[in-house]
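Coordinate analysis (summary)
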Amino acid sequence: MTVLSPSAEERLQTVLSRLRPRLENQISTATSVLEEHSHGEAMDAARLPAAVIFAESTEDVSAVLKECHIARVPVVAFGAGTSVEGHVTPPEHAISLDLSRMTAIVELNAEDLDCRVQTGLTRQSLNTQIRDTGLFFPVDPGGEATLGGMCATRASGTAAVRYGTMKENVLGLTVVLATGEIIRTGGRVRKSSTGYDLTSLFIGSEGTLGIITEAQLRLHGRPDTLSAAVCQFESLHDAIQTAMEIIQCGIPINRVELMDSVQMEASIRFSKLEGFRPLTTLFFEFAGAPAAVQEQVTATEELALANNGLGFTWAESAEDRARLWKARHDAFWAAKAIEPTARVISTDCIVPISRLGELIEGVSQDIAASGLKAPLLGHVGDGNFHTLIITEHSPEGYERALELDRKIVGRALALDGSCSGEHGVGMGKLEFLATEHGEGALSVMRALKSTMDPHHILNPGKLLPNGPVYRG
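This section reports on the structure supplied with the text. (Residues numbered from 1 in each chain as written. Predicted model: local features only at pLDDT ≥ 70, side-chain atom pairs only at ≥ 80, totals over all residues. Heavy atoms only, no water.)

1. Focus: the overall build of the protein
Helix and strand counts for the protein come out as 16 helices and 18 strands. Relative to the 2.2 N^0.38 estimate, which gives 23 Å for 472 residues, the radius of gyration of the protein is 23 Å and therefore close to what a compact globule would have. Across its three principal directions, the C-alpha atoms of the protein cover 80 × 55 × 45 Å. Across the 472 residues in the protein, those meeting the buried criterion constitute 55%. (Helix = DSSP H or I, 4+ residues; strand = E, 2+ residues; numbered from the N terminus. Rg over C-alpha atoms; globule rule 2.2 N^0.38 Å. Buried < 20%, exposed > 50% of the residue type's maximum accessible area, 1.4 Å probe, protein only.)

And the structure:
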């Protein structure tokens, strides 16, 4: 007699029935909730999960993964849903495990400049709650991201040129493995020479090796003085050259952001940036003791003017600085408003700082040849920039955008760069992994995945292309 194995739907229902006694009020199959968890931002790929479970503790996550591992039901971790490469789009018959209710600051060690948080907490909320300590968490990807999502994608942002990325600002983690086992990695100390660096292994793993439920974070003192300025350029080349020279001269600038003329025109209109022209623009922020800030300002202004900068416009008050940085963070929506009925494909790549001018100028040529409108912007202080490709809502329009995206990434890889400096891989960048890392490195990654998640239930189909020992 042939015994048929249970179908995917039957396995899913078994898991839900076993979890309901513990998590009854935390499980939802409401259509509106499923739709909210079917996709992230900026990528059309979407699929309804079979159910959404709202975890409220590490033990909840452990209980869910234990049952899903036994039944071989896929699980996708979900935070704020702000990822842009399809990271949170579930496969068929999957559970979306939402960590957004896990928002506690578990401990705050102000004297040691660290804290431990649950990973459903957003960076904005963390900084609001610890403001009175004189400390802050500096990694700033722009959106209302959760700290767990930022760990999972190795997030970066506007302040990375000074403070680094999540990799440099996470000391340790609590992670639930595919089997439901709970482990802690790292600790509170700033360095250790013991064992494998498991913290770095999970940072950037996009929920494919385990689900991060707590993070031990490095905090930094709020600087005495903050000052922001804007300098506009007639030439894209001159703006990029200025940013490169700032870094090469070792000026410890807090942020240096670029918007090309197309993006600047959109942002002037969308964010009401009166007093600026639609020209390539650099946004600067300086931080530190008053004398140090003045030194940074003087050196930066000299470099900018030597590269034909059109003079500095200053934003001294907190309100004016917030207005400038909000305009930068709202760049996607400003680009979207150029053609409200169109779609915007957001892509990023990164190269060594000395190759940035060559890359951006080549990308500008590719954009012109494509016939598409695609504003450029980015964290040029660390060689990372974004292209917001505006295209029509159709399969043909999407393919035109992907063709341009491939050319942009191809240029970056040819210049010793990476296909993503901060967005991550998800589904959107899978095709570039073999070129960037080589099959040998990918085979090691696949072996790690298969060892730590033998049934491949954790965010399948993301981060790793299919290979001989791995199927998403």
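From this point on, the discussion continues.
2. Digging into the layout of surface pockets
The calculated volume of the second largest pocket comes to roughly 770 Å³. Lining the second largest pocket are 35 residues; nearest its centre among them are Arg154, Ile203, Gly204, His437 and Leu463. Contributions of two or more residues to the lining of the second largest pocket are made by helix H7 (166–169), helix H8 (198–202) and helix H16 (433–452). Broken down by element, the residue count for the lining of the second largest pocket peaks at six residues, all from H16. Across the lining of the second largest pocket, the residue classes break down as 12 nonpolar, 15 polar and eight charged. (1 Å grid on protein atoms, 1.4 Å probe; cavity = no way out; pocket = protein on both sides within 12 Å on 5 of 7 lines; lining within 4 Å. Points joined across faces, edges and corners; volume = space filled by probe spheres on them. Nonpolar A, V, L, I, M, F, W, Y, C, P; charged D, E, K, R; others polar.)

3. Some words on the pairing of strand E6 (residues 114–118)
Along E6, five of the five residues are buried, which leaves the element largely enclosed by surrounding structure. Side chains Asp114, Arg116 and Gln118 of E6 all project onto a buried face; the interleaved residues Cys115 and Val117 project onto the opposite face, where all are buried too. One ladder, built from four bridges, connects strand E5 (residues 105–109) with E6; its direction is antiparallel. By the bridge assignment, Glu107 is partnered in E6 with Arg116. Between E5 and E6, which pair antiparallel and follow one another directly, the connecting turn spans four residues, one of which, Leu113, has a positive phi of 60 degrees. Of the strand pairs in this sheet, E6 and strand E10 (residues 211–218) are connected by five bridges, and their pairing is antiparallel. (Pairing = 2+ DSSP bridges.)

4. Details of the sheet that holds strand E1 (residues 27–28)
Here we have four strands laid out as an open sheet, ordered E1-E2-E4-E3, and mixed in their pairing. Looking at which strands have only one partner, the edges of the open sheet turn out to be E1 and strand E3 (75–78). Pairing of strand E2 (residues 51–54) with strand E4 (residues 95–98), which is carried by four bridges, proceeds in the parallel orientation. Directly across from Phe54, in E4, lies its bridge partner Asp98. Most of the contacts of helix H3 (residues 58–71) go to E4, to which it runs at about 165 degrees, and overall it touches E2, E3 and E4. (Contact = heavy atoms within 4.5 Å. Axes fitted to C-alpha atoms, helices over the stretch in contact; angles between N-to-C directions.)

5. Focus on the environment of Ala374
Within the secondary structure, Ala374 sits in the loop between helix H14 (356–370) and strand E17 (376–378). For Ala374, a relative accessible area of 4% puts it in the buried group. Between the C-alpha atoms of Ala374 and Thr387, which are 13 residues apart in sequence, the distance is 6.1 Å.

Taken by themselves, the reported measurements are silent on function.
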